[in-house]
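Here's the letter readout for the chains.
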Amino acid sequence: STTANAAKMTKKRSNKPRPIPGVPRPMKSRKKARQVTSLFHKHTRLLSEAQSAEDVEEVKRQEEEIERLGGRDAYQAASVLSVKYFSTSKWVLSDLRKRGIIGCQGIRGSTVEILEVGAINTDLIEAAKRSVAPHANRSELSVQAIDIKSQHPEIQEMDFFDLDTSYRYDVIVCSMVINCVPTPEQRGRMLIKLKHHLRPGGLCFFTLPLTCLIHSKYVTKESFVDILENGVGLEILAQKRSPKIAFFVLRKPEDSRIIVGLSSKWSSLKIVNKKKMKKLRNPFAVTLKDESEEL
């Protein structure tokens, strides 16, 4: 009987699906997802600082910490779990319909070109495949999805900072990406580059963790709005927040000749939130280069 029981257990074990090599296992715990996300941001920031300081030992240590977490694969698995509770694509498509940009009975004469930065799923790509402009034999949407480490063949593996400067889009989706950029100057560059790649009048759907705006001594909700409007030169058409996320719908002005960097106001780190300093543990900050840059 012992032999028979062992055979049954072996049979049961053999029926379990084996993990596919190279494909990260889905993350099921939201608590674990938050921990992985927080630690990944921390160690990538420390890695960037060590690289800038040319501290070889610290670089190695931070790379080992990131690897111990499961690397970018684990971070992306955590992100996939997060989007199950909020669909960026539904928010974007719903807003575009309300503004009459899509689904407007053929008023618009061309396909809406969308760039999705840091794509972790193909929801917008699939929506584009299903979209047909009313009374027109063409797709209503065209989506180019990119990510620094693609998890899907339809998502192009590319660093946003390497995107050809000549490319322009009607819509850019940049959701929960700027908080993954390691330095304040690079975050400023990202904001400027987002504007640069929009056509005049184009929209950017932008989100970041709310904690970046309420738990940082370098940034407040008001100062971030100031950077977006007066530093980068984007119009804020709408903004809202959930318990965890800040949402912005941004627009590039028709007259896009905005000079960035004439003021030293955003060129260096400054403490702008002096309340409850002990609770301000998020190091999120944004700086803009202190030099003239015409976009």
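As the structure is a computational prediction, the values presented were derived from the model and not from experiment. (Residues numbered from 1 in each chain as written. Predicted model: local features only at pLDDT ≥ 70, side-chain atom pairs only at ≥ 80, totals over all residues. Heavy atoms only, no water.)

This paragraph deals with the overall build of the protein. For the protein, the count of helices and strands is nine helices and nine strands. Here the contacts in the protein between residues at least 6 apart in sequence split such that 74% fall between residues at least 24 apart. Carbon and sulfur atoms make up 51% of the accessible area of the protein, which amounts to about 17,000 Å² in all. (Helix = DSSP H or I, 4+ residues; strand = E, 2+ residues; numbered from the N terminus. Contact = heavy atoms within 4.5 Å. Areas by Shrake-Rupley, 256 points an atom, 1.4 Å probe, with all protein chains shown as cover.)

What follows is about the packing of helix 7 (residues 184–196) against helix 9 (residues 221–232). Packing of helix 7 against helix 9 brings their axes to within 11 Å, and their N-to-C directions diverge by 50 degrees. In terms of axis orientation, helix 7 runs oblique to helix 9. For the crossing formed where helix 7 meets helix 9, the hand is right-handed. On helix 9, the residues touching Leu191, Ile192 and Lys195 of helix 7 are Phe224, Ile227, Leu228 and Val232. (Axes fitted to C-alpha atoms, helices over the stretch in contact; angles between N-to-C directions. Parallel < 35°, antiparallel > 145°, perpendicular 65-115°, else oblique. Left-handed = near helix turned anticlockwise from the far one by under 90°.)

The next subject is unusual backbone geometry. A positive phi angle is found at Met176, which is not glycine, with a value near 55 degrees. Mapped onto the elements, Met176 comes out in the loop between strand 4 (169–175) and helix 7. The class for Met176 is partly exposed, based on a relative accessible area of 29%. (Buried < 20%, exposed > 50% of the residue type's maximum accessible area, 1.4 Å probe, protein only.)

With that settled, the discussion passes to the pattern of salt bridges. Taken as a whole and judged by the stated rule, the model has nine salt bridges. Put simply, Asp95 and Arg99 hold a salt bridge, and the shortest N to O gap is 2.5 Å. Under the relative-accessibility criterion, Asp95 is labelled buried at 13%. A salt bridge links Lys129 to Glu126; the shortest N-O distance between them is 3.2 Å. (Salt bridge = Lys/Arg side-chain N within 4 Å of Asp/Glu carboxyl O.)

Right, let's get into the environment of Ala128. By the secondary structure assignment, Ala128 is in helix 6 (residues 123–130). For the pair formed by Ala128 and Ile114, sequence separation is 14 residues and the distance between their alpha carbons is 9.5 Å. In this view, Ala128 contacts Ser139, Leu141 and Val143; residues no more than four positions away in its chain are not counted.

On to the packing of aromatic side chains. Under the defined criterion, the tally for this structure stands at seven aromatic pairs. Their ring planes at 75 degrees and their centres at 5.3 Å tell us that Trp91 and Phe247 sit as a pair that is edge-to-face. Here Trp91 is found in helix 5 (residues 88–98), whereas its partner Phe247 is found in strand 7 (residues 245–251), with 156 residues between them in sequence. Among the residues examined, Trp91 registers a relative accessible area of 10% and is labelled buried. Relative to Phe248, the ring of Phe206 lies with its centre 6.5 Å away and its plane at 55 degrees, an arrangement referred to as tilted. With Phe206 in strand 5 (residues 198–209) and Phe248 in strand 7, the pair connects residues that are 42 residues apart, well separated along the chain. As far as burial versus exposure is concerned, Phe206 and Phe248 are alike and both buried. Through a chain of ring-to-ring contacts, three or more aromatic side chains come together here, namely Phe206, Phe224, Phe248 and Phe284. Its end group placed over the ring of Phe160, Lys193 keeps NZ or CZ at 5.7 Å from the ring centre. The cationic tip of Lys240 hangs over the ring face of Phe247; the distance from NZ or CZ to the ring centre is 5.1 Å. (Phe/Tyr/Trp six-rings, centres within 6.5 Å; stacked < 30°, edge-to-face > 60°. Lys NZ or Arg CZ within 6 Å of the ring centre and 35° of its normal.)

Looking now at the nonpolar core. By size, the foremost hydrophobic cluster in this structure holds 39 residues, and its most contacted members are Met190, Leu191, Leu194, Phe206, Leu208, Phe224 and Phe248. Per element, the largest residue contribution to this core is five residues, and it comes from helix 9. Sequence-distant contacts of Phe206, that is, excluding residues within four places in its chain, are made with Trp91, Cys174, Ile178, Leu191, Leu194, Phe224, Ala246, Phe247, Phe248 and Leu250. Formed by 23 residues, the second largest nonpolar core is a distinct cluster that contains Leu93, Ile114, Ile155 and Leu203. (Core = buried A, V, L, I, M, F, W, Y, C linked by side-chain atoms within 4.5 Å.)

What follows concerns the side chain of Lys193. Mapped onto the elements of the fold, Lys193 is located in helix 7. Not counting chain neighbours up to four residues away, the residues in contact with Lys193 comprise Phe160, Phe161, Leu163 and Thr165.

This next bit is on the pairing of strand 1 (residues 112–117). Look at any regular strand and the pattern is simple: side chains alternate between the two faces of the sheet. Across the six residues of strand 1, five count as buried, placing the element largely inside the fold. Note that strand 1 and strand 4 share four bridges and pair parallel. Each bridged residue has a counterpart across the sheet, and for Ile114 the counterpart in strand 4 is Val171. (Pairing = 2+ DSSP bridges.)

Further remarks concern the side chain of Ser89. Locating Ser89 in the fold gives a position in helix 5. Polar contacts involving the side chain of Ser89 include one to the side chain of Ser87, which spans 3.0 Å. (Polar contact = N/O pair within 3.5 Å; in protein donor to acceptor, adjacent residues only side chain to side chain.)

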